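What the coordinates show
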Amino acid sequence: AVYIPELKALFGSDAVGVSHGDFFFSAGNSNFDRYQASLEKMAELDVELLAKEHFGVHTGESAKGYLPRAIENAKKTRAILDESWATTKDENKCTTMVLDRLTEDCPNEFMPREVLSMVVRQMVKYIARVSP
């Protein structure tokens, strides 16, 4: 992500998650702990313009409210990851379980399931490494 203080503009890439309408996907990829820490750090910024990697730009109140929403979604996603890993202890089963739960309300035009599956698999691999 890149922040330009003079413009109060945050170019968040996937570091801020991916949203489309009411659907939100936390893209924690290879290190979910760092992802969450990064969201917390970005939430401290004065943001009036948030440019995302996918699905547009947020301005004004929408930009200001985006990071708190991303933080909450990341907490929910982490809980799903932890619970699914504790239940399965298997990367394939866990990936399928997490993907199904995270995409229950996913709009068809969001992203192909195969792409989301690759991201979820990366998140699961991280959880597998750090979980007891």
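Report follows, based on the coordinates. (Residues numbered from 1 in each chain as written. Predicted model: local features only at pLDDT ≥ 70, side-chain atom pairs only at ≥ 80, totals over all residues. Heavy atoms only, no water.)

**A word on the nonpolar core**
To keep it simple, the criterion reads: Joining through side-chain atoms within 4.5 Å is the link that ties buried Ala, Val, Leu, Ile, Met, Phe, Trp, Tyr and Cys residues into a set, and such a set is a nonpolar core. Three labels apply to residues, based on accessible area from a 1.4 Å probe with only protein chains included: buried if under 20% of the type maximum, exposed if over 50%, partly exposed otherwise in between. To qualify as a helix, a DSSP run of H or I must reach at least 4 residues; to qualify as a strand, a run of E must reach at least 2; elements of each kind are numbered from the N terminus. In this description, contact between two residues means that some pair of their heavy atoms is separated by no more than 4.5 Å.
With 36 residues, the main nonpolar core has Phe25, Leu39, Val98, Phe110, Val120 and Met123 as its most contacted residues. Elements that contribute at least two residues to this core include exactly β4 (23-25), α1 (32-43), α2 (60-88), α3 (91-102) and α4 (113-130). In terms of residue count, the dominant contributor to this core is α2 (nine residues). Ignoring any residue separated from it by four or fewer positions in sequence, one finds valine 98 in contact with Ile80, Leu81, Ser84, Val120 and Val124.

**Regarding the state of the cysteines**
Under the convention used in this document: Put simply, a disulfide is two cysteine sulfurs that come within 2.5 Å.
Tallied over the full model, the rule gives zero disulfides. Lacking any disulfide linkage, cysteine 94 is separated from the closest cysteine sulfur, that of cysteine 106, by 18 Å.

**Considerations on the packing of aromatic side chains**
The geometry of an aromatic ring pair is captured by the separation of the ring centres together with the interplanar angle, meaning the angle of the planes. Convention followed: For Phe, Tyr and Trp, rings pair up if their centres lie within 6.5 Å, where Trp contributes its six-membered ring, and each pair is then called stacked (planes under 30 degrees apart), edge-to-face (over 60) or tilted (otherwise).
Counted under the stated rule, the structure contains four aromatic pairs. Look at phenylalanine 23 and phenylalanine 110: their rings are 4.8 Å apart centre to centre, the planes differ by 75 degrees, and that puts the pair in the edge-to-face class. Of this pair, phenylalanine 23 sits in strand β4 while phenylalanine 110 is found in the loop between α3 and α4, placing the two residues 87 residues apart along the sequence. Judged by centre distance (5.3 Å) and plane angle (45 degrees), the ring pair of phenylalanine 24 and tyrosine 66 falls under tilted. Taken together, the residues span a long stretch of sequence, with phenylalanine 24 in strand β4 and tyrosine 66 in helix α2 at a distance of 42 residues. Accessibility expressed as a relative area gives 2% for tyrosine 66, which makes it buried.

**Some remarks on the packing of α2 against α3**
Selection rule: Only the stretch in contact is used when fitting a helix axis, every axis being a line fitted to C-alpha atoms; angles between N-to-C directions are given from 0 to 180 degrees. Note on convention: near helix rotated counterclockwise from far helix by under a right angle means a left-handed crossing. Clockwise means right-handed. Here the term charged refers only to Asp, Glu, Lys and Arg, the term nonpolar to Ala, Val, Leu, Ile, Met, Phe, Trp, Tyr, Cys and Pro, and the term polar to all other amino acids, Gly among them.
Where α2 meets α3, the closest approach of the two axes is 9 Å, and the angle between their N-to-C directions is 145 degrees. Taken as a pair, α2 and α3 cross one another with a handedness that is right-handed. The residues of α3 that touch α2, namely those facing Thr77, Ile80, Leu81, Glu83, Ser84, Trp85, Thr87 and Thr88, are Glu91, Lys93, Cys94, Met97, Val98, Arg101 and Leu102. Looking at side-chain class alone, the contact of α2 with α3 contains seven nonpolar, four polar and four charged residues.

**Considerations on α4**
To keep it simple, the criterion reads: Helix span, as expected, comes to 1.5 Å for every residue beyond the first. Each C-beta atom gives one direction from the helix axis, and the arc is the one those directions make.
Under the 1.5 Å per step criterion, the end-to-end length of α4 is 26 Å for 18 residues, consistent within 8% with the ideal 26 Å. Residues of α4 that are buried: Leu116, Val119, Val120, Met123, Val124, Tyr126 and Ile127. For α4, the buried positions fall inside an angular range of 160 degrees around the axis, keeping them on one side. Away from its buried face, by an angle of more than 90 degrees, α4 presents the exposed residues Glu114, Met118 and Arg129.

**Description of the pairing of strand β5 (residues 49-52)**
Regular strands show a simple pattern: their side chains alternate between the two faces of the sheet. So the rule is basically this: At least two DSSP bridges between two strands are needed for those strands to be called paired.
The pairing of strand β2 (residues 9-13) with β5 spans four bridges and is parallel. In the strand pairing of β5, phenylalanine 11 is matched with alanine 51. As judged from the three bridges shared by β5 and strand β6 (residues 57-59), these two strands associate in the antiparallel manner. Looking at the pairing, leucine 50 lines up with histidine 58 of β6. Here β5 folds back onto β6 in antiparallel fashion, the turn holding four residues, of which phenylalanine 55 has a positive phi close to 65 degrees.

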